[in-house]
Amino acid sequence: MTRALQILKDAGLRKTPCRLQMLDLLLQEGRAISHSEFELHLEAIDRVTIYRTLHTFERKGLLHKVIDGQNQSKFALCSHSCDEKEHRDEHIHFHCENCDKTRCLDELGIPEIVLPVGYSAHRANYMIEGICAECVGAGT
Ligand SMILES: [Zn+2]
Ligand SMILES: [Zn+2]
Ligand SMILES: [Zn+2]
């Protein structure tokens, strides 16, 4: 069984060509993918289906939305700790200004912030912009 099939099975989702292809692309790339990138790679599948599948995946705890520094929505695979009830994607995201790729830095948690009295946090987005390791390496 492929990784994509396993993910769908674990989430209790039926396999469809769209779902499988989207997961394959995410697994293969290992980074966040935007809606238009999905469209580009999945030529045979219409945009409404892609849109709906993104929502299903997000609801099921498979993907989380990442807003990169350019205000573009991208979607990245969640870790195993996310499920239908709750997302726990409390990690730093990195957007490369050179290649425009956005990645999850899963191992880096969001530093704890002490909020002013009376405020309570429900979610946090932590996005760092800069140059990724791949792009730095390419220049040498
Ligand atoms: Zn998640
Ligand atoms: Zn880069
Ligand atoms: Zn992430």
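Keep in mind it's a predicted model, so treat the numbers as computed, not measured. (Residues numbered from 1 in each chain as written. Chains lettered and ligands numbered in written order. Predicted model: local features only at pLDDT ≥ 70, side-chain atom pairs only at ≥ 80, totals over all residues. Heavy atoms only, no water.)

Trainee: How should the sheet that holds strand S2 (residues 63-67) be read in this particular structure?
Mentor: Either a parallel or an antiparallel arrangement is found when strands of a sheet pair, and the pairing is made through backbone hydrogen bonds. Strand order in the open sheet made by the 3 strands is S1-S3-S2, with antiparallel pairing throughout. In this open sheet, the two strands that pair with only one neighbour each are strand S1 (33-34) and S2. Taken together, the 2 bridges between S1 and strand S3 (residues 73-77) define a ladder with antiparallel strand orientation. Across the sheet, residue Ile33 finds its bridge partner in S3, namely Phe75. Helix H2 (residues 17-29) rests against S1, S2 and S3 of the sheet, and its axis sits at about 80° to S3. Here helix H4 (residues 47-59) sits on the sheet and contacts S2 and S3; the angle it forms with S2, its principal contact strand, is near 110°. (Pairing = 2+ DSSP bridges. Helix = DSSP H or I, 4+ residues; strand = E, 2+ residues; numbered from the N terminus. Contact = heavy atoms within 4.5 Å. Axes fitted to C-alpha atoms, helices over the stretch in contact; angles between N-to-C directions.)

Trainee: It is not clear to me how the nonpolar core should be interpreted in this structure. Could you clarify?
Mentor: Soluble, globular proteins show a tendency: their nonpolar side chains are buried together. In this structure, Met22, Phe38, Leu42, Ile50, Leu54 and Phe57 are the most contacted members of the largest nonpolar core, which totals 20 residues. When contributions to this core are tallied by element, the ones reaching two or more residues are helix H1 (3-11), H2 and H4. In terms of residue count, H2 provides more of this core than any other element does, 5 residues in total. Apart from residues no more than four positions distant in its own chain, Phe57 is found in contact with Leu8, Leu13, Arg19, Met22, Leu23, Leu62 and Leu63. (Core = buried A, V, L, I, M, F, W, Y, C linked by side-chain atoms within 4.5 Å. Buried < 20%, exposed > 50% of the residue type's maximum accessible area, 1.4 Å probe, protein only.)

Trainee: Just to check I follow, could you spell out the coordination of the zinc ion (ligand 1) for this structure?
Mentor: Ideal donor angles around a metal are set by the shape: a four-donor tetrahedron calls for 109.5 degrees, a six-donor octahedron for 90 or 180 degrees. The protein atoms donating to the zinc ion (ligand 1) are Cys78 (SG), Cys82 (SG), His87 (ND1) and Asp89 (OD), with metal-donor distances spanning 2.0 to 2.3 Å. Of note is the zinc ion (ligand 1), whose 4 donor atoms meet at the metal with angles of 101 to 116° in an arrangement that counts as tetrahedral. Mapped onto the sequence, the residues coordinating the zinc ion (ligand 1) show the spacing C-x3-C-x4-H-x1-D. Of the residues examined, Asp89 reaches a relative accessible area of 13% and is grouped as buried. (Donors = N, O, S within 2.8 Å, 3.2 Å for Na, K, Ca; no water. Tetrahedral: all angles 85-135°; square planar, octahedral: opposite > 155°, others 65-115°.)

Trainee: How should the pattern of salt bridges be read in this particular structure?
Mentor: This structure, assessed with the given rule, holds 8 salt bridges. Between Glu29 and Arg31 there is a salt bridge whose closest N-O contact spans 3.0 Å. On the accessibility criterion, Arg31 (10% relative accessible area) is buried. A salt bridge links Glu37 to Arg31, with the shortest nitrogen-to-oxygen separation between them at 3.0 Å. Connected through shared salt-bridge partners, Glu29, Arg31 and Glu37 make up one network. (Salt bridge = Lys/Arg side-chain N within 4 Å of Asp/Glu carboxyl O.)

Trainee: Would you take a moment to explain the coordination of the zinc ion (ligand 3) for this structure?
Mentor: Listed as protein donors to the zinc ion (ligand 3) are His64 (NE2), His91 (NE2), His93 (NE2) and Cys104 (SG); their distances from the metal cover 2.0 to 2.3 Å. Around the zinc ion (ligand 3), the 4 donor atoms sit at angles spanning 103 to 115°, and that spread fits a shape best called tetrahedral. Using a relative accessible area of 5% as the deciding quantity, one classes His64 as buried. With a relative accessible area of 18%, Cys104 lands in the buried category.

Trainee: Sorry, what's going on with H1 here?
Mentor: What sets the pattern is the α-helix's 3.6 residues per turn: residues three or four places apart point alike. For H1, the full list of buried residues reads Ala4, Ile7, Leu8 and Ala11. All buried residues of H1 fall inside an arc of 95° around its axis, so they share one side. Residues of H1 that are exposed and point over 90 degrees away from its buried face: Lys9 and Asp10. Turning to H1, the residues buried within the fold contact H2 and H4. (Arc of directions from axis to C-beta.)

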